[in-house]
Amino acid sequence: MGSTTNRSLEEVKTELKRLVVEYLAIEEMKPEDIADDKNLFGGDGVGLDSLDGVEIVVLLHRHYGLDVKAMQKGREVFRSISTLAPYVLANATK
């Protein structure tokens, strides 16, 4: 089991984009199509909805061991890859 301390912020951003596209089965988008600061939710960005948000929480818990209850407090964390990656890097347990 690898520690997150050996991941860089850029690696986490790349990994998150890949996981979001694969896990949510977004067929019209590739991971590299998601700009770091592009909104993940809403029509002006990636276009994810609240159900996708639940899926992301589950994904982050499974993949990084993040505490789901703690994450529900911080909606701003989920705004973009740029806001999510530092949170993952700081809080991941696996």
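Above this text sits the structure in question.
Q: Talk me through the pattern of salt bridges; I want residue IDs and the actual numbers.
A: If you walk through the whole model with that rule in mind, you get six salt bridges. We note a salt bridge from Asp36 to Lys17, for which the minimum N-O separation is 2.6 Å. With a gap of 19 residues between them, Asp36 in the loop between helix 1 (9-23) and helix 2 (50-64) and Lys17 in helix 1 connect regions that are remote in the sequence. Looking at Lys17, the relative accessible area reads 13%, which means it is buried. Through salt bridges with shared partners, a single network forms among Glu10, Lys13, Lys17 and Asp36.

Q: Account for unusual backbone geometry, naming residues and giving values.
A: The phi dihedral of Ala25 falls on the positive side, at around 50°, and the residue is not glycine. Residue position: Ala25 is located in the loop between helix 1 and helix 2.

Q: Tell me about the packing of helix 1 against helix 4 (residues 81-91), and name the residues and values.
A: A pair of packed helices is characterised by two quantities: the angle between their axes and the separation of those axes. Contact pair helix 1 / helix 4: the axes reach a minimum separation of 9 Å and the direction vectors enclose 115°. In the crossing of helix 1 with helix 4, the sense of the turn from one axis to the other is right-handed. Across the interface between the two elements, Leu9, Val12, Lys13, Leu16 and Lys17 of helix 1 pack against Ile81, Ser82, Leu84, Ala85, Pro86, Val88 and Leu89 of helix 4. Residues of the contact of helix 1 with helix 4, tallied by class, amount to nine nonpolar, one polar and two charged.

Q: Help me get a handle on helix 2, residues and values and all.
A: The terminal C-alpha atoms of helix 2, which comprises 15 residues, lie 21 Å apart, in line with the 21 Å expected from a rise of 1.5 Å per residue. Every buried residue of helix 2 is listed here: Asp52, Gly53, Ile56, Val57, Leu59, Leu60 and Tyr64. Down the axis, helix 2 shows its buried residues gathered within 165° of arc, on one side only. For helix 2, the exposed residues set more than 90 degrees away from the buried face come down to Leu51 and Arg62. In this structure Asp49 caps helix 2, since a side-chain oxygen of it lies 3.1 Å from the backbone nitrogen of Leu51. Positive phi appears at Gly65, one or two residues downstream of helix 2, with a value of about 70°.

Calculation rules
- Residues numbered from 1 in each chain as written.
- Predicted model: local features only at pLDDT ≥ 70, side-chain atom pairs only at ≥ 80, totals over all residues.
- Heavy atoms only, no water.
- Salt bridge = Lys/Arg side-chain N within 4 Å of Asp/Glu carboxyl O.
- Helix = DSSP H or I, 4+ residues; strand = E, 2+ residues; numbered from the N terminus.
- Buried < 20%, exposed > 50% of the residue type's maximum accessible area, 1.4 Å probe, protein only.
- Axes fitted to C-alpha atoms, helices over the stretch in contact; angles between N-to-C directions.
- Left-handed = near helix turned anticlockwise from the far one by under 90°.
- Contact = heavy atoms within 4.5 Å.
- Nonpolar A, V, L, I, M, F, W, Y, C, P; charged D, E, K, R; others polar.
- Expected span 1.5 Å × (residues − 1).
- Arc of directions from axis to C-beta.
- Polar contact = N/O pair within 3.5 Å; in protein donor to acceptor, adjacent residues only side chain to side chain.

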